Amino acid sequence: MKLLPLFISSLSVSLRFANALWPVPRNLEKGTAHLLLSPSFDIQVEGVAFNDVPGDLQGAIGRTKTRLWEDKLGRLVPGRGQPDLQALTQDSDSGSAAPAASLSLLTLSIKPPPGKGKGAKVPSITSEVLKGVSARDESYSLHVPADGAPARISANSSLGLLRGLGTFEQLWYWAEKGGEAGKGVVYMHEAPVVVKDDRPAYPYRGFMLDTARNFFPVPDIKRTLDAMSMVKMSQFHWHVVDSQSFPLEVPEFPELAQKGAYSEKEKYSTQDVQDIVKYAAERGIDVLMEIDIPGHTAILAESHPEHIACLHASPWSQYANEPPAGQLRLASAATADFTVALISAIASRLPGTLFSTGGDEINQNCYREDAQTQQDLKESGKTLEQALDGFTGRVHEAVRGRGKRVVVWEEMALEHQVGLANDTVVMWGLDFVQECGQGREEGFHVVHAPSDYFYLDCGAGEWIGNSAGTNSWCDPFKSWQKAYTFDPLASLTKDQASLVLGGQQLLWAEQSSPENLDSIVWPRAAVSAEIFWTGPRLPSGSSRSVGEALPRLHDIRFRMVQRGVKAIALQPLWCALRPGQCDSGGVASMVWNLAVRWFFGRAFEWYRRVALVLETKYREHVGFNEF
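Residues numbered from 1 in each chain as written. Predicted model: local features only at pLDDT ≥ 70, side-chain atom pairs only at ≥ 80, totals over all residues. Heavy atoms only, no water.

Per the secondary structure count, the protein includes 23 helices and 16 strands. For the protein, with 627 residues in total, the buried portion stands at 53%. Counted over contacts in the protein with a minimum sequence separation of 6, partners at least 24 positions apart contribute 74%. Surface accessibility of the protein: about 27,400 Å² in total, with carbon and sulfur atoms responsible for 54%. (Helix = DSSP H or I, 4+ residues; strand = E, 2+ residues; numbered from the N terminus. Buried < 20%, exposed > 50% of the residue type's maximum accessible area, 1.4 Å probe, protein only. Contact = heavy atoms within 4.5 Å. Areas by Shrake-Rupley, 256 points an atom, 1.4 Å probe, with all protein chains shown as cover.)

What follows deals with the state of the cysteines. Tallied over the entire structure, the rule returns three disulfides. In this model, Cys-310 is linked to Cys-366 through a disulfide, with the two sulfur atoms separated by 1.9 Å. On the S-S bond that ties Cys-310 to Cys-366, the torsion sits near -95°, and the link is left-handed. Of this pair, Cys-310 sits in the loop between β10 (308-309) and β11 (327-328) while Cys-366 sits in helix α10 (residues 364-368), placing them 56 residues apart in sequence. (Disulfide = S-S within 2.5 Å.)

Per-residue confidence for the protein gives a mean pLDDT of 89; residues scoring 70 or more make up 85%. Throughout residues 1-18 the model reports pLDDT below 50, and contacts reaching past four residues in sequence, or to other chains, amount to 38 contacts. When the criterion is pLDDT under 50, residues 622-627 qualifies, and its contacts beyond four places in sequence or with other chains add up to zero contacts. (pLDDT = per-residue confidence, 0-100.)

Mapped onto this numbering, the UniProt entry gives "active site" (unreviewed entry) at Glu-361. Once residues within four sequence positions are removed from consideration, Glu-361 is found in contact with His-296, Asn-321, Gln-327 and Glu-411. Polar contacts involving the side chain of Glu-361 include one to the side chain of His-296, which spans 2.7 Å. (UniProt positions renumbered as here; feature names shortened; annotations may be inferred. Polar contact = N/O pair within 3.5 Å; in protein donor to acceptor, adjacent residues only side chain to side chain.)

The subject of this paragraph is the pairing of strand β1 (residues 29-45). Where β1 lies against strand β6 (residues 184-198), five bridges are found, and the strand directions are antiparallel. Its bridge partner being in β6, Lys-30 is matched across the sheet by Val-193. (Pairing = 2+ DSSP bridges.)

What follows is about the pattern of salt bridges. Scanning all chains against the criterion turns up 31 salt bridges. Where Lys-278 meets Glu-282, a salt bridge forms, and the shortest distance between an N and an O atom there is 2.6 Å. Placement of the pair is Lys-278 and Glu-282 together in helix α8 (residues 270-282), with a separation of four residues, close to one helical turn. According to the relative accessible area criterion, Lys-278 is exposed, its value standing at 52%. (Salt bridge = Lys/Arg side-chain N within 4 Å of Asp/Glu carboxyl O.)

Let's shift gears to the packing of helix α2 (residues 55-70) against helix α5 (residues 158-169). Two numbers describe how α2 lies on α5: the axes approach to 10 Å, and their chain directions differ by 5°. Taken together, the axis directions place α2 and α5 in an arrangement best described as roughly parallel. Across the interface between the two elements, Leu-57, Ala-60, Ile-61, Arg-63, Thr-64, Arg-67 and Leu-68 of α2 pack against Ser-158, Leu-161, Leu-162, Leu-165, Phe-168 and Glu-169 of α5. When the residues that make up the contact of α2 with α5 are grouped by side-chain class, the tally is eight nonpolar, two polar and three charged. (Axes fitted to C-alpha atoms, helices over the stretch in contact; angles between N-to-C directions. Parallel < 35°, antiparallel > 145°, perpendicular 65-115°, else oblique. Nonpolar A, V, L, I, M, F, W, Y, C, P; charged D, E, K, R; others polar.)

The next subject is the sheet that holds strand β13 (residues 405-409). Pairing in this closed barrel of eight strands is parallel, and the strands run β7-β8-β9-β12-β13-β14-β15-β16 around the ring. On average, each strand axis in the sheet is inclined to that of its neighbour by 25°, with strand direction left out of account. Alignment of strand β15 (residues 445-448) against strand β16 (residues 500-507), held across three bridges, turns out to be parallel. What sits directly across from His-448, in β16, is Gly-503. Helix-sheet contacts for helix α20 (residues 526-534) involve β7 (204-210), β15 and β16, and the interaxial angle to β16 is about 175°.

To continue, consider unusual backbone geometry. Here the amide bond leading from Ile-293 into Pro-294 is cis, since omega sits at 0°, within 30 degrees of zero. Position of Pro-294 relative to the elements: it lies in the loop between β9 (286-290) and β10. In this chain, Pro-323 is followed by Pro-324 through a cis amide linkage whose omega measures 0°. By the secondary structure assignment, Pro-324 is in the loop between β10 and β11. Backbone geometry at Cys-310 places phi at a positive 45°, although glycine is not the residue there. Notably, His-312 is not glycine yet its phi reads approximately 55°, a positive angle. Relative accessible area serves as the criterion here: at 48%, His-312 is assigned to the partly exposed category.

In this section: the nonpolar core. Counting 122 residues, the largest nonpolar core has Phe-207, Phe-236, Trp-238, Leu-248, Tyr-268 and Trp-522 as the members making the most contacts within it. Of the residues forming this core, the biggest block, eight residues, is contributed by helix α9 (residues 333-347). Counting residues in hydrophobic clusters, the runner-up holds 40 residues, among them Val-53, Leu-68, Leu-106 and Tyr-140. (Core = buried A, V, L, I, M, F, W, Y, C linked by side-chain atoms within 4.5 Å.)

Turning to helix α12 (residues 384-401), a few remarks are in order. Under the 1.5 Å per step criterion, the end-to-end length of α12 is 26 Å for 18 residues, consistent within 8% with the ideal 26 Å. Buried within α12 are the following residues: Leu-384, Glu-385, Ala-387, Leu-388, Phe-391, Thr-392, Val-395, His-396, Ala-398 and Val-399. An end-on view of α12 places all buried positions within 155° of arc, on one side of the element. Exposed residues lying more than 90 degrees from the buried face of α12 are Glu-397 and Gly-401. Immediately downstream of α12, the backbone of Gly-403 shows phi near 80°, a positive value. (Expected span 1.5 Å × (residues − 1). Arc of directions from axis to C-beta.)

The subject of this paragraph is the side chain of Asp-242. Note that Asp-242 resides in the loop between β8 (235-239) and α7 (254-260). A distance of 2.6 Å separates polar atoms of two side chains, one belonging to Asp-242 and the other to His-239. Reaching out from Asp-242, the side chain makes a polar contact with the side chain of His-296 at a distance of 2.8 Å. With residues near it in sequence (within four places) discarded, Asp-242 still touches Ala-212, Arg-213, His-296 and Ile-299.

This is the structure we're talking about:
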C-alpha cells in the first residue's frame, strides 16, 4: 500500500519547476537547450580595465570563475547528469548532429553613477553594502544565450553584479566524461536564460548567530558568511556577548575579554572583527552587532562587579531567563557612564549603519531586590521605568552619534515606557499579528524573527540540567517546511506592510557549537532568504509552495556541500534525485490510500476468519477419523 501515493504523486513530476535557482528570481524565462562552458571562459567588466575594477568585485569575479569549475555538482537526476552528456553532443531539439554551443565570455555592465559618464570609477561592493539598509541597490538583469554568444549581467551597482554572479553560478552542473575521475564538462541544461530586473522584495535578509553561549572561531563565521552569500542574504546579526561570556576584545576595556572570555583562544580581537566585517561586505553582507543591555550582562561582573545587580542570585530562575543572573544597574549614573563609553567604543569601530542594544528579558525582580538599585531610585526620585528610559536614551544617543541606526528587541516597544527614535528598527520574535500592533502603530520599522517559525535551535529538548527529558519553551523543531509557510504581510494593512524591512532566522547557541553549526543552520536558513528576496509569488505567477521549493532546496544544499558547508540532508538521496516521488500525494492521495487500506484490511480480516473456520473444521475432521 505504501507505493500508491508514490505512483500518484509521480504523475505531476514533469509539471514541477525545473530550474534549481535559490532564491528563485522574481522573473525568469528559460529554455531547454544545453550549453557548455568553454575551457577558455572569462568574465570581463564592460568599458573598464581590470585594474580599475574595485578589489572586492575582482575577488567576486575570481570566486565565480573558480566555483564554475570546482563545484563539480552533478545534476540531481538519476545518473547525476550522465544522460546529459549525449545531449551535449547532439541537439535533441533539432535532431541534428550539431554539438551544444560553448560559452566563452560573460560581460558585466554597470550603469555609471548619477551625473557621471562612461569611464567613471566603478564603486565597490563594500560601499553599496555600507549604505543604509533601505538605500542599497541589489538589482540586476541576466541573459545567457543558447548559441554561445556572450552572456551578460547588467546592474546599477557592483552589489547588483555580485547578486547576478550568484544566480549565474547556480545555472551550471558537472558531468564526468569518459569515466575518468576529475575529468568532465561544465554545462547548463536550460538555455537560454533571461532574468529581467531581479531585485529583493525586502532589503533585510539575515541570519543571527549567538557566539556567547558557545564560541565559534572566525573560520566558522566566514564559512557561514559564504553560505549566506550563496542565497543572497544581506545581514549578519552578530549576538556577540551575553551573560555567559564576553569574547569581544575592546581596546578601551581590555579587562572585559580578559576576564569574560571562556579562554585566551576564545576571543575576537579587533583585527578579527575587522576581518569578519570586511569578509562579509565583500560578499554583499552587512554586520549588525548586538550588545544586549541592560539584561544579559552578568559576565561584566567578572571585571566590574560594581555595575551588576543581583549577581548570581539564586534560584536564578527568579532573577533571569537563564543562568547566571545579573543585570546592569540602570539607575546608577556611574553605570550609565560606563555603558555609554563601552557601547561608543564598540560602535565606533563598525562601519555599518545598524547597531543593536538588545533590551529583551529585563527581570524586574532583580532590581527590586538589589539594594544599590533601590537606593539609586530613591535618591533620583524615579521609578524603575523612568530610570530605564533615561538609561536607554543616553545609550541610544551615543549610538546615533556614531552614525548608527538603533535596533532593539520587541520588548522595548511593547513592555516598557521607553522613548525610541522614529528610525528605530524593532526585531520581533513574537507573533507579529497578535502581539505587535503597538509597535506597528508607532511607526517603527520591523524585522521579522518569529520564534514559531525562524528559531533554528528549537527542537533539541530542554538544556537545563535537572530538566532532562522535557521540552524547551520553543519546541518542537522548526522544519524548513514550517518556516517556508511564513507570510511577512499576514493581516497587515498597506501602511503597516510598508514598515517591514525583512526578516531573519536565528541560532541561539545553548546547544550549538562549531561541531553542529552547519547542520543545524543549513539549508534551513536559506528559507528566509527566499521568502524575503522572491516574495510571495514565483516567476510563473503561482504562489510559493513547499512542494515546488523542495527540489530547488535540495540543489542549493548539495551545492553548499560541494563548497565545504556541511548542510544536512533533507531526504534520502533516492528522493532528491526523483522530485515528487517521495511526496504523500496530497489530500486526495491520502484519502485514496486510506480507503484502499480499509478495503484490503477488511478483505484480510474476512480471509483470516474464513481460514480460521476452515482450519477448525479440518482439525475436527482429522481428529474424528483418528478417534
